[in-house]
Amino acid sequence: MKSITKRASRLLPAVLLGLMALTAIPASAAPALTFAPKQGEAGTVIQFIVANCPEGTTGAFVVHTGPLASSSVLSSTPFTAGAGNYFVGQTAPLPSSAAGLKATHVTCGSESVAGDNFTMTAGLPTTSSSSTSSIPGTSTTTTTSGSTTTTTTTIASTTTTTTTTVPPTTGGGGARVGAINSCSGGYVKEGFLTNAFSQQLNCGDTAAVAVSANRNGVINGCGAAYVKEGVLSGPFSLQLNCGDARALAVTDNRVGVINSCGSFYVKEGALSGGFNQQLNCNDARAIAVSPNRIAVINSCGAVYVKEGVLSNPFQLQLNCGDGRAIAVTDNRLGVINSCGAYYVKEGALSGGFTQQTQCGDAKAIAVSTNRNAVINGCSALYVKEGPLNGPFSFQLACNDAKAVSLN
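Residues numbered from 1 in each chain as written. Predicted model: local features only at pLDDT ≥ 70, side-chain atom pairs only at ≥ 80, totals over all residues. Heavy atoms only, no water.

A.B. asks: Is there a simple way to think about the pattern of salt bridges in this case?
C.D. replies: Opposite charge on two side chains allows them to pair when their charged atoms are near. This structure, assessed with the given rule, holds 7 salt bridges. Put simply, E346 and R332 hold a salt bridge, and the shortest N to O gap is 2.8 Å. With a gap of 14 residues between them, E346 in strand β31 (residues 342-346) and R332 in strand β30 (residues 332-336) connect regions that are remote in the sequence. According to the relative accessible area criterion, R332 is buried, its value standing at 2%. (Salt bridge = Lys/Arg side-chain N within 4 Å of Asp/Glu carboxyl O. Helix = DSSP H or I, 4+ residues; strand = E, 2+ residues; numbered from the N terminus. Buried < 20%, exposed > 50% of the residue type's maximum accessible area, 1.4 Å probe, protein only.)

Here it is, written out as structure tokens:
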């Protein structure tokens, strides 16, 4: 790495995205509202962010029954703005109302600002049916309501009742999000961003997390690295012993680690295979791997990426002192630069970066082919899907996210 002399240009400021939770807004600006989801059935919980509301000021996020602010109020969620002049919270489940557009607005003290419309959908139809058999001495009744099926069978004087609840679809193409929460518990969710997390390690036992479509890796509390393949409920396979793992990255065919001496290693193929050294001791600060790329921040804080086989040369992406964190896929490279801003480039390594957050507002990042995640300045987790200029979706509240991984 030290023999490479090419220098990369520092990132230039780009157009600021509109997600208020991930930006610093001047005190003179008007209050601003961001919320997600933008549509849902009755019972949906809306996660919202109010920016530029002075600390200590009370306000409310209001959803109306119709498309105009003059419509009656469907839901009103009070809040008190916190440090940084913003608030991150969520509504109670929205009560039932006719489907259609709902106006929203936010109040901050005496100020009131309109927001986007929320769409209440009609929801899935609920069906009920009953049937009774005509077999002598046996009576079976089956009732179905929504996704729950209850079957009651009576034979002579014995009655057995079985209830089966069909689990919700995971959706999202099997995509995964790994996270470490505020108590250092390890969690992974699959599918839609609205799906629930599944616990992988207990509180106090997770130092790092990494996921791919078919693998799930952790560094536990003693500094050992483990990776499992397949379903989230499966067993872990030891990769490095206690005290020997500083960082971990995984794909379905690669495992990258920084060991106890600060050296970077990658293995390809089976979890039982051997590691291939990429950097010497004391020369690796952070790592990321994809099926065709390997990324590293070296000892001077420079960002390098190689493509193809493990023996190929690295290409400089950020100069010494300008790399704090990295994330990589075969088509995306995410970095946190020296001022704490988050940038992503797509396509060739020679291309330019697109700014995602302002300076000081990114603590940790992750990218996948179609997703882009950041833990912001208040330690809240957000993930966006699709293009780099799209909106972020709220995942974990302020002070509740320590690390994130995507596949």
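Having seen the structure, we can now continue with the description.
A.B. asks: Just checking my understanding: could you explain the environment of K38 for this structure?
C.D. replies: Locating K38 in the fold gives a position in the loop between β1 (32-36) and β2 (39-40). A relative accessible area of 36% places K38 in the partly exposed class. Separated by 79 residues in sequence, K38 and N117 have C-alpha atoms that sit 7.3 Å apart. For K38, the side chain forms a polar contact with the main-chain oxygen of F35, separated by 3.0 Å. Within the local environment of K38, its side chain forms a polar contact with the side chain of D116, the two groups lying 3.1 Å apart. (Polar contact = N/O pair within 3.5 Å; in protein donor to acceptor, adjacent residues only side chain to side chain.)

A.B. asks: In this structure, what is going on with the packing of aromatic side chains? I would like to understand it.
C.D. replies: This structure, assessed with the given rule, holds 7 aromatic pairs. Ring geometry for F48 versus F87: centroids 5.9 Å apart, planes at 35 degrees, classification tilted. Pair noted here: F48 is in strand β3 (residues 47-51) and F87 is in strand β6 (residues 86-90), with a separation of 39 residues, a long-range link. Relative accessible area serves as the criterion here: at 1%, F48 is assigned to the buried category. Relative to F87, the ring of F79 has its centre 5.1 Å away and its plane inclined at 20 degrees; by these criteria the two rings are stacked. Using a relative accessible area of 5% as the deciding quantity, one classes F79 as buried. We classify F87 as partly exposed; its relative accessible area is 22%. (Phe/Tyr/Trp six-rings, centres within 6.5 Å; stacked < 30°, edge-to-face > 60°.)

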